[in-house]
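Geometric and topological summary
The primary structure of each chain is shown beneath.
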Amino acid sequence: MPSNPYQIIASETPGRIGWDIRYFDQVDSTQRVAAELAQDGAEHGTVVIAERQSAGRGRLGRAWHSPPGVNLYTTVILRPRMPLAEVPRLSLVAGVAVADAFETITPGQVALKWPNDIWLNGRKAGGIIAEAVTDASRGLLCVLLGIGLNLNLASDDIPAELRGKATSLLITTGRECDRVQFAATLFKHLDLRYRAVEAGGFAAVRSVYDHYFALHDRQVTVIDGSITVSGVVRGIDADGALILETQNGPIRVLTGDVSLEGAYD
Ligand code: BTN
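Scope of this entry: the structure provided in the associated data block. Predicted model only: the values in this text are computed from it and were never measured. (Residues numbered from 1 in each chain as written. Predicted model: local features only at pLDDT ≥ 70, side-chain atom pairs only at ≥ 80, totals over all residues. Heavy atoms only, no water.)

A few points about helix 1 (residues 30-39)
- Where helix 1 is concerned, the buried positions are T30, Q31, V33, A34, L37 and A38. Buried residues of helix 1, viewed axially, fall in a sector of 160 degrees; they line one side.
- Check the buried side of helix 1 and you find it contacts strand 1 (20-27), strand 2 (46-53), strand 3 (72-78), strand 6 (123-135) and strand 7 (139-149).
- Sitting at the head of helix 1, S29 places a side-chain oxygen 3.0 Å from the backbone nitrogen of Q31.
- Phi turns positive one or two residues past the end of helix 1, at G41, with a value near 105 degrees. (Buried < 20%, exposed > 50% of the residue type's maximum accessible area, 1.4 Å probe, protein only. Helix = DSSP H or I, 4+ residues; strand = E, 2+ residues; numbered from the N terminus. Arc of directions from axis to C-beta. Contact = heavy atoms within 4.5 Å. Polar contact = N/O pair within 3.5 Å; in protein donor to acceptor, adjacent residues only side chain to side chain.)

Structure below.
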């Protein structure tokens, strides 16, 4: 392992998110590395950070553009005590923490596209993936919370297929950010929000998610496997489900990929 520039922000208090930071110059995916560490017993709050990923994974089997030296690619190992069905909420909680961290640098420009895209000025600057690791006899063993954030990515380095859809903190503010400092802010907020949700359920962050929520009253289409449903977004409920007003009345949507006109999907 190369020397670790993130070591100075490791809290060293076991149980805090980011207390143990494992840093790699290059990995295929921090999700895969974290899965291996978790299998070997890595504790709650252990974090994997890589400078670059050769096979970064997005949601729904998409690739995650992961060039070196500019962004943050991290996976947090969580060992939550919760039913498997509630795991997707952790990515909403992480969205709130990422928004909190962006808000400290560029107030008023961050929004969350349910379930877990992070927008700056209406373009995607980050994404989150929550993968549950289960065991037939012991149930939920851990959750691998992957967070990819475009921090110092320049507009010329955005791949052609993402132009007009993706952005970065650098593009938004015109200033490079200190990635180590940013990671420290992120882990601090993630730890606080995670603890709040552990104690009080998703309801503990619902109002702040709602504050950052980008989809109020937007006409959207949600695709979940073979099911497609369209309607107007009326908010999120206490479980983090999307409330959609359809032609047949309001429904709750628990998972899916949202697309809306004029924005990145
Ligand atoms: C999305 O599709 O929006 C989620 C993207 C998640 C990307 C991050 S980068 C760090 C971690 N490692 C991966 O391979 N994926 C996640």
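Still to come is the rest of the account.
A short note on the site of the ligand
- S29, T30, R57, R59 and K124 are the nearest of the 20 residues found near the ligand.
- In this structure, R59 approaches the ligand through a main-chain N or O atom, which is 2.6 Å from an oxygen atom.
- Within the side chain of K124, a nitrogen or oxygen atom sits 2.7 Å from an oxygen atom of the ligand.
- Here the ligand occupies the largest pocket.
- Put simply, the parts of the chain that give the shell around the ligand at least two residues each are helix 1, strand 3, strand 6 and strand 7.
- Counted by class, the shell around the ligand contains five nonpolar, 11 polar and four charged residues. (Near = heavy atom within 4 Å. 1 Å grid on protein atoms, 1.4 Å probe; cavity = no way out; pocket = protein on both sides within 12 Å on 5 of 7 lines; lining within 4 Å. Sits in = over half its atoms within 2 Å of the grid points. Nonpolar A, V, L, I, M, F, W, Y, C, P; charged D, E, K, R; others polar.)

Examining the pairing of strand 10 (residues 242-246)
- What you see with strand 10 is a clean split: L242, L244 and T246 sit on the buried side and I243 and E245 on the side with no burial.
- The antiparallel hairpin formed by strand 9 (residues 227-236) and strand 10 contains five residues in its connecting segment, where G240 sits at a positive phi of about 90 degrees.
- Pairing analysis gives five bridges linking strand 10 to strand 11 (residues 249-253), with the strands arranged antiparallel. For E245, the partnering residue across the bridge sits in strand 11 and is P250.
- Hairpin connection, strand 10 to strand 11: the antiparallel pair is bridged by two residues. (Pairing = 2+ DSSP bridges.)

Observations regarding the nonpolar core
- Grouped together as the largest cluster of nonpolar side chains are 65 residues, with contacts concentrated most on F102, W114, F182, L186, F187 and L242.
- No other element matches helix 2 (residues 88-105), which puts 10 residues into this core.
- What L186 contacts, discounting residues up to four positions off in sequence, is L72, A97, V98, A101, I147 and L149.
- Grouped together as the second largest cluster of nonpolar side chains are 12 residues, V27, I77, C142 and L144 included. (Core = buried A, V, L, I, M, F, W, Y, C linked by side-chain atoms within 4.5 Å.)

A short note on the pattern of salt bridges
- The final tally for this structure, using the stated rule, is 21 salt bridges.
- Residues E198 and R81 are paired through a salt bridge, measuring 3.9 Å at the closest nitrogen-oxygen approach. With E198 in helix 4 (residues 179-200) and R81 in the loop between strand 3 and helix 2, the pair connects residues that are 117 residues apart, well separated along the chain.
- The class of R81 is exposed, set by a relative accessible area of 74%.
- Of the charged contacts in the structure, one is a salt bridge between D117 and K124, with a shortest N-O distance of 2.9 Å. Neither residue differs from the other here; D117 and K124 are each classed as buried.
- A network of salt bridges, in which partner residues are shared, links E86, R89, D237, D239 and R252. (Salt bridge = Lys/Arg side-chain N within 4 Å of Asp/Glu carboxyl O.)

Remarks on the packing of aromatic side chains
- All told, the structure shown has four aromatic pairs when counted by the stated rule.
- An angle of 45 degrees between the planes, with centres 5.3 Å apart, marks the rings of F102 and F182 as tilted. With a gap of 80 residues between them, F102 in helix 2 and F182 in helix 4 connect regions that are remote in the sequence. Each member of the pair, F102 together with F182, is buried.
- Aromatic side chains Y209 and F213 sit 5.9 Å apart centroid to centroid with 45 degrees between the ring planes, which places their arrangement in the tilted category.
- Residue classification places F213 among the buried residues on the basis of a relative accessible area of 7%. (Phe/Tyr/Trp six-rings, centres within 6.5 Å; stacked < 30°, edge-to-face > 60°.)

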